[in-house]
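# Fold and contact review
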Amino acid sequence: MSPRTSSSTDVTPLLVRWSQGNRDALDRMLPLVYGELRRIAARQLRKERDGHSLDPTDLVHALFLQLVDQRHATWSNRAQFFAPTATMMRRILVEHARTRLAAKRGGGAVTVSLTALNADPASLRSPISDVLAIDRALERLAE
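In this report, the structure presented in the accompanying data block is examined. (Residues numbered from 1 in each chain as written. Predicted model: local features only at pLDDT ≥ 70, side-chain atom pairs only at ≥ 80, totals over all residues. Heavy atoms only, no water.)

Time to look at the overall build of the protein. For the protein, the count of helices and strands is 6 helices and 0 strands. Overall, the protein shows an N-to-C arrangement of helices and strands of α-α-α-α-α-α. Looking at the 143 residues of the protein, the share that counts as buried comes to 26%. When contacts within the protein are restricted to residue pairs at least 6 apart in sequence, long-range pairs at least 24 apart make up 63% of them. Carbon and sulfur atoms provide 55% of the accessible area of the protein, an area that totals close to 10,000 Å². (Helix = DSSP H or I, 4+ residues; strand = E, 2+ residues; numbered from the N terminus. Buried < 20%, exposed > 50% of the residue type's maximum accessible area, 1.4 Å probe, protein only. Contact = heavy atoms within 4.5 Å. Areas by Shrake-Rupley, 256 points an atom, 1.4 Å probe, with all protein chains shown as cover.)

Written out as structure tokens, the structure reads:
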């Protein structure tokens, strides 16, 4: 395929065909929008901490993995494609930060002491109840 600019006349029909389930349209469109997605990724990463472990290419590739799995997206023009992809990049960065934080704090490992296993079962309910209450609160906050 010869290099072309990602003019709306090139991208829009491919977006529409992809929305209709044509996977080939996605494969043809991605090279056309790659440069713009890298610019958006670079802009997103400028808002992040120095020394971030992702670079614009990593972020665009993570986005591509999500785009390939899109089943119900309806794209009718470039604006309707680029705005949500910027949001998707932001979510990728948030998830990356959560993963790094979890790894920093032990990777989600749970330690149970032997004395806790021999403890009165009623005394073990309180921490579990607290965890469940926190989980419910986080779910309500997300809504």
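For the rest of this paragraph, the subject is the nonpolar core. Of all hydrophobic cores here, the largest spans 29 residues; its most connected members are W18, M29, V33, L37, L67, F81 and M89. Elements that contribute at least two residues to this core include exactly helix 1 (8–19), helix 2 (23–46), helix 3 (56–68) and helix 4 (78–104). Counting residues per element, this core draws most heavily on helix 2, at 10 residues. When near neighbours in sequence (up to four residues on either side) are disregarded, W18 contacts A25, L26, M29, L67, Q70, W75 and F81. (Core = buried A, V, L, I, M, F, W, Y, C linked by side-chain atoms within 4.5 Å.)

A few words on the environment of G35. On the secondary structure map, G35 appears in helix 2. Residue classification places G35 among the partly exposed positions, given a relative accessible area of 29%.

What follows deals with the packing of aromatic side chains. Each aromatic ring pair is specified by the distance between its two centres and by the angle formed by the two planes. The full count for this structure, using the stated rule, is 3 aromatic pairs. For the ring pair Y34 and F64, a centre distance of 5.9 Å and an interplane angle of 50° mean the geometry is tilted. Of the two residues, Y34 sits in helix 2 while F64 sits in helix 3, which places them 30 residues apart along the sequence. On the basis of relative accessible area, F64 is assigned to the buried category, the value being 15%. (Phe/Tyr/Trp six-rings, centres within 6.5 Å; stacked < 30°, edge-to-face > 60°.)

A rise of 1.5 Å per residue sets the reference length of helix 3, with its 13 residues, at 18 Å; its end C-alpha atoms lie 18 Å apart and thus fit the reference within 8%. Every buried residue of helix 3 is listed here: P56, L59, V60, L63, F64 and L67. For helix 3, the buried positions fall inside an angular range of 145° around the axis, keeping them on one side. The backbone nitrogen of T57 lies 3.1 Å from a side-chain oxygen of the residue at the head of helix 3, namely D55. (Expected span 1.5 Å × (residues − 1). Arc of directions from axis to C-beta. Polar contact = N/O pair within 3.5 Å; in protein donor to acceptor, adjacent residues only side chain to side chain.)

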